[in-house]
Amino acid sequence: MVVGVAAKGGTSIAPGAQRRSRTGYFLLLPGMAWLGIFFAIPIATLFMTSLQAPVEGASGQYAPAFQVSNYADAIIEYWPQFLRSFLYAGIATLLALVIAYPLAYFIAVKAGRWRTLMLVLVIAPSFASFLLRTYAWRTILADESPVTTFLNALHVLPDDRILNTSIAVIAGLTYNFLPFMVLPLYAALERLDPRLIEASNDLYANPITTFRKVTWPLSLPGVVAGTLLTFIPAAGDYINAELLGSTQDRMIGNAIQTNFIDFRDYPIASALSFMLMAAILVLVFAYIRRAGTEDLV
Amino acid sequence: MISNQPEMIAAIAGTMRSTVSRRRLLQAAGIGGAAMAVAACGGTGGSDASGDASGAPSAAAAEDLSDTDKALFWSNWPLYIDIDDDSGERPSLDRFMADTGITVTYNEDVNDNSEFYAKVRTQLEQGQEIGRDIVTLTDWMAGLWIQNGFVQKLDKANIPNFSNMISSYLDVAFDPGREYSMPWQSGFGAFGWNKSQLSDAIGTDALVSVDQLFDPKLKGKISVLSEMRDTMGILLAWLGYDPSNFTDDQFSEAIEALTLQVDNGQIRQVAGNDYVAAMESGDVTAVIGWSGDMFQLGDAFGVALPESGGTLWTDNMMIPALASHKKNAELIMNYYYDPAVAAEVAAYVQYISPVQGAQEAMADIDPALVDNQWIFPDSATLANSYVFMPLTDAQDVEYQRAFQKAIGN
């Protein structure tokens, strides 16, 4: 930021400008060092590991190599888990959007003096550990629980149960990442100028048209930020699939974990991690381009 | 399975085998002491030490601080030692501390053999201390540590009670003569079930065979262990094979049987310790689980070895390379091989005691437990249980892959 300001004022260079711009770089140092140590080096390590080859005769030991076939092996073995991860994360993101939008709208526009309290309530569950909350869902969705008993009485459950099905995994993902959807939406809707809605009404737009032409476009930055903040962690999550899913619901996070812990196959696990990152990056770029909001995010 | 994130990070760091060049890299970058501490590798390594006569590399020993530093760090599995239910204290451990003046830090931080190994592997391979003087690991993992030279040889002069070890434990394939390890407790891979739910489903409250377990009336109500050796051992025995000595084809056949039951929805979940909670909530009716767990669930639940045979495993105490309180560790091993103390632990945890004389000592603690087959199994019970075949590293990985694939990983 400091750098940018100094450069913009650059038509007539003030005496202090040179020094100020250097101060800017200096202020960047801690952040860059942090990124370097805790992001760049681990990523480079991960990438090198993903290309390692096993040492003959020593199981679980790997030597530096350039074994690109690790990637092919990993994708051939685990493409179903990849697809499932993106499918589950996609559905969960959509559900979260549908649930969060009215909620965020209400908090931002209608809640009045309850606004702060409601925001705290949205965030409050995050004070308990992610793991504990997911365990709690096991109790809520247990076979003998009121929820399951009620739904079974209506005969709407394919397996007569919720726990250990894909429904439970998607529900868990939706629940766990919902606050990440609500907050950006709230931030976008809270800035919405009520006079624009009034104007729209004055111009004889009905509520649906007003929403389509005014509210929704103005909240788009929040929608984009919210969907990304929900989708990305959901696609890499393995706890919901582990605790709430069955053997048929394993996601890519579970595959990475199994390769690291049980097979001690670090190259394949690293290759999987890398491909997950790459796939998410591609999806995110495609999405942002399509949403046409690069400068808004 | 869940608390894996730090372990995975450690594992990622550990795979960077060219540690020296990384250290140079960091030095070149002029990064300060904190980062060095994270990345630095110890100069002398346990795995660098030359092999001894028995073929296993002997681990480096550190200077033993036992006499000056009265401390001991022990990693064990949860709920695996006597606990006073009222005060939450551990009576046998407290007595040891009072008698010897050694402060024992007892950590219940072993939840899964593979997971624990992933957590400390980096330090072990780089020849660093792992901050523990005793670790308690199951046979096959204990074998892996011994083979890799990650543990120190026991000084039996400090362990006179070593002679109390039941003789069948002495000559195990992974540690002939018990040079590196002493059994802590043993247990069975066995059936457990909810009696009333089982009789509602199949009309009997006794589960005896794997065929009953795979009865379609129990569809979606079955859980099996994620520990490959217990689940596969029981399936191999069910198919008429010997889990202590089987072929690749026989293992594949057992994997097919498992895959069938997973794919048709008979098996609802494959779990570690989690299955106990699922039994309590009624989500699963019958399980392949661990014998000791069932007793903590109470009378509404049954436990039995399958008629075709269950599995038998042992968890072993070992002293990791460079542990700095080796003598203290040997003293506490000796203490727990006193029959009276061993009986006290067994009475609480209800697993099999490896200590000769514990059965007689049990008469003073709880006479009802003296003939308990789960603590003091007779030869008939032992004949119906199998120790899983010792596997080479390559076999282990190959079988693990087949097993994990069958269960959806």
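Residues numbered from 1 in each chain as written. Chains lettered and ligands numbered in written order. Predicted model: local features only at pLDDT ≥ 70, side-chain atom pairs only at ≥ 80, totals over all residues. Heavy atoms only, no water.

Participant: Break down the overall build of chain A for me, citing the residues and quoting the values.
Facilitator: A tally of helices and strands in chain A yields 12 helices and 2 strands. Mapped from its N terminus to its C terminus, chain A presents α and β elements in the order α-α-β-β-α-α-α-α-α-α-α-α-α-α. Relative to the globule expectation of 19 Å for 297 residues, the C-alpha radius of gyration of chain A, 24 Å, shows a markedly less compact shape. With respect to the three principal axes, the spread of C-alpha positions in chain A is 75 × 70 × 35 Å. (Helix = DSSP H or I, 4+ residues; strand = E, 2+ residues; numbered from the N terminus. Rg over C-alpha atoms; globule rule 2.2 N^0.38 Å.)

Participant: Account for the packing of helix α3 (residues 69-110) of chain A against helix α7 (residues 166-190) of chain A, naming residues and giving values.
Facilitator: All names here are of chain A. In the contact formed by α3 and α7, the axes pass within 6 Å of each other and the chain directions differ by 40 degrees. Taken together, α3 and α7 sit at an angle that is classed as oblique. Note that α3 runs across α7; the crossing there is right-handed. Taken together, the residues that form the contact of α3 with α7 break down as 24 nonpolar, 3 polar and 1 charged. (Axes fitted to C-alpha atoms, helices over the stretch in contact; angles between N-to-C directions. Parallel < 35°, antiparallel > 145°, perpendicular 65-115°, else oblique. Left-handed = near helix turned anticlockwise from the far one by under 90°. Nonpolar A, V, L, I, M, F, W, Y, C, P; charged D, E, K, R; others polar.)

Participant: Give a description of the side chain of A:T247 that names residues and reports values.
Facilitator: Residue and element names in this part refer to chain A. On the secondary structure map, T247 appears in the loop between α10 (239-244) and α11 (252-261). According to the relative accessible area criterion, T247 is buried, its value standing at 3%. Of the polar contacts made by the side chain of T247, one reaches the side chain of Q248; its length is 3.4 Å. (Buried < 20%, exposed > 50% of the residue type's maximum accessible area, 1.4 Å probe, protein only. Polar contact = N/O pair within 3.5 Å; in protein donor to acceptor, adjacent residues only side chain to side chain.)

Participant: I'd like a description of the packing of aromatic side chains, backed by residues and values.
Facilitator: A complete count under the given rule lists 30 aromatic pairs over all chains for this structure. Taking the centre distance of 6.1 Å and the plane angle of 45 degrees together, the rings of A:F211 and A:W216 count as tilted. We classify A:F211 as partly exposed; its relative accessible area is 34%. You can call A:W216 partly exposed: its relative accessible area is 30%. A centroid spacing of 5.1 Å and a plane angle of 80 degrees characterise the contact between B:W184 and B:Y336, whose relative ring orientation is edge-to-face. With B:W184 in strand β6 (residues 181-194) and B:Y336 in helix α13 (residues 326-336), the pair connects residues that are 152 residues apart, well separated along the chain. An aromatic cluster of at least three residues, connected via ring pairs, comprises B:W74, B:F96, B:Y106, B:W184, B:Y335 and B:Y336. (Phe/Tyr/Trp six-rings, centres within 6.5 Å; stacked < 30°, edge-to-face > 60°.)

Participant: Would you mind going over empty space enclosed by the protein in detail, with residue names and values included?
Facilitator: All names here are of chain B. Tallied over the full model, the rule gives 1 cavity of 30 Å³ or more. Estimated volume of the largest cavity: approximately 50 Å³. Lining of the largest cavity is provided by W184, Q185, M317, Y336, Y337, A342, V345, S353, P354 and V355. Looking at the lining of the largest cavity, the elements that each hand over two or more residues are β6 and α14 (339-349). (1 Å grid on protein atoms, 1.4 Å probe; cavity = no way out; pocket = protein on both sides within 12 Å on 5 of 7 lines; lining within 4 Å. Points joined across faces, edges and corners; volume = space filled by probe spheres on them.)

Participant: Hey, could you go over the domain arrangement of chain B for me, with residue numbers and the actual values?
Facilitator: Quoted interface sizes are often the accessible area lost when the parts come together. Residues and elements named next belong to chain B. One can read the domain layout of chain B as domain 1 (46-184 + 315-376) and domain 2 (187-312 + 389-406). Across the boundary between the two partners, domain 1 contributes 13 residues, which contact 19 residues of domain 2. Interface area lost by domain 1 to domain 2 is led by W140, Y351 and W374, which between them contribute 50%. At the junction of domain 1 with domain 2, the criterion picks out 0 salt bridges. Across the domain 1-domain 2 interface, the total number found is 2 residue pairs in polar contact (both at pLDDT 80 or more). When residues of the side of domain 1 that touches domain 2 are assigned to their parent elements, the largest contribution, 3 residues, is made by helix α6 (residues 139-147). A breakdown of the residues in the side of domain 1 that touches domain 2 according to their chemical character gives 8 nonpolar, 5 polar and no charged. (Domains from an automatic or database assignment. Contact = heavy atoms within 4.5 Å. Buried area = accessible area lost by both parts, 1.4 Å probe. Salt bridge = Lys/Arg side-chain N within 4 Å of Asp/Glu carboxyl O.)

Participant: Mind laying out the interface of chain B and chain A, listing which residues take part and the relevant values?
Facilitator: Taken together, the 43 residues of chain B in the interface contact 43 residues of chain A. Carbon and sulfur atoms supply 52% of the area that chain B and chain A bury against each other, a total of about 4,000 Å² over both sides. For the pair chain B and chain A, the number of links is 6 salt bridges. The salt bridge partner of B:K405 is A:E77, with a shortest N-O separation of 3.4 Å. Applying the counting rule to chain B against chain A returns 14 residue pairs in polar contact (both at pLDDT 80 or more). Contributions of two or more residues to the side of chain B that touches chain A are made by α1 (5-14), α5 (113-125), α6, α10 (248-263), β8 (267-271) and α17 (393-406) of chain B. When residues in the side of chain B that touches chain A are grouped by element, the largest group, 8 residues, is from α17(B). When grouped by side-chain class, the residues that make up the side of chain B that touches chain A number 17 nonpolar, 13 polar and 13 charged.

Participant: Which residues make up the nonpolar core, and what values do they have?
Facilitator: Residues and elements named next belong to chain B. Of all hydrophobic cores here, the largest spans 116 residues; its most connected members are W74, W145, M232 and Y336. With 7 residues, the top contributor of residues to this core is α14. Shared between two domains, this core holds at least three residues of each, these being domain 1 (46-184 + 315-376) and domain 2 (187-312 + 389-406). Those residues within four positions of W145 in sequence are excluded, and the remaining contacts are F116, Y117, V120, L124, I130, V135, L137, F150, V151, M318 and P320. (Core = buried A, V, L, I, M, F, W, Y, C linked by side-chain atoms within 4.5 Å.)

Participant: Residue-level account of the domain arrangement of chain A, with values.
Facilitator: Residues and elements named next belong to chain A. For chain A, the domain assignment lists domain 1 (1-50) and domain 2 (68-291). One C-alpha centre belongs to domain 1, the other to domain 2; they are set 33 Å apart. A combined buried area of about 590 Å² lies between domain 1 and domain 2, and 74% of that area is made up of carbon and sulfur atoms. Ranking the residues of domain 1 by area buried against domain 2 places L46, T49 and S50 at the top, with a combined share of 75%. Across the domain 1-domain 2 interface, the total number found is 2 residue pairs in polar contact (both at pLDDT 80 or more). For the side of domain 1 that touches domain 2, a count of residues per class yields 3 nonpolar, 2 polar and no charged.

Participant: Explain unusual backbone geometry to me, and be specific about the residues and the numbers.
Facilitator: We note that A:D160 has phi near 60 degrees; this positive angle belongs to a residue other than glycine. As for its placement among the helices and strands, A:D160 is situated in the loop between α6 (146-153) and α7.

Participant: Describe in detail a negative patch on the surface, supporting the description with residues and values.
Facilitator: All names here are of chain B. There is a patch of like negative charges on the surface, built from D248, D249, E253, E256 and E398. In terms of residues, the negative patch owes the most to one element, α10, which gives 4 residues. Looking at the secondary structure, you find E256 in helix α10. For E256, a relative accessible area of 57% corresponds to the exposed category. (Patch = residues over 30% accessible without salt bridge, like charges linked within 9 Å, V, L, I, M, F, W, Y side chains within 5 Å. Areas by Shrake-Rupley, 256 points an atom, 1.4 Å probe, with all protein chains shown as cover. Lys, Arg positive; Asp, Glu negative; His and termini not counted. Charge placed at Lys NZ, Arg CZ, Asp CG, Glu CD.)

Participant: Tell me about the pairing of β6(B), residues and numbers included.
Facilitator: As a general feature of sheets, a regular strand has side chains that alternate between the two faces. All names here are of chain B. Of all the 14 residues making up β6, 14 are buried; the element is thus mostly covered by neighbouring parts of the structure. Sheet topology note: the β6/strand β11 (residues 310-318) ladder contains 8 bridges and is antiparallel. Bridging from a neighbouring strand, G189 pairs with T311 of β11. Examined bridge by bridge, β6 and strand β9 (residues 286-290) share 5 bridges and lie antiparallel to one another. (Pairing = 2+ DSSP bridges.)

Participant: I'd like a rundown of the packing of helix α9 (residues 228-238) of chain B against α17(B), residues and numbers included.
Facilitator: Geometry of a packed helix pair, given as the angle between the helix axes and the separation of the axes. All names here are of chain B. Following both chains from N to C, one finds α9 and α17 inclined at 75 degrees, their axes separated by 11 Å at the closest point. Of the possible angle classes, the one that applies to α9 and α17 is roughly perpendicular. From α9, M228, R229, T231 and M232 reach across to α17, where they touch D396, Y399, Q400 and F403. Residue composition of the contact of α9 with α17, by class: 4 nonpolar, 2 polar and 2 charged.

Participant: Quick one: what's the story with the environment of B:Q359, residue by residue and with numbers?
Facilitator: Residue and element names in this part refer to chain B. Along the chain, Q359 turns up in helix α15 (residues 358-365). Expressed as a C-alpha distance, the spacing of Q359 and G192, which sit 167 residues apart in the sequence, is 25 Å. Excluding its chain neighbours within four sequence positions, the residues that come into contact with Q359 are V370, D371 and F376.

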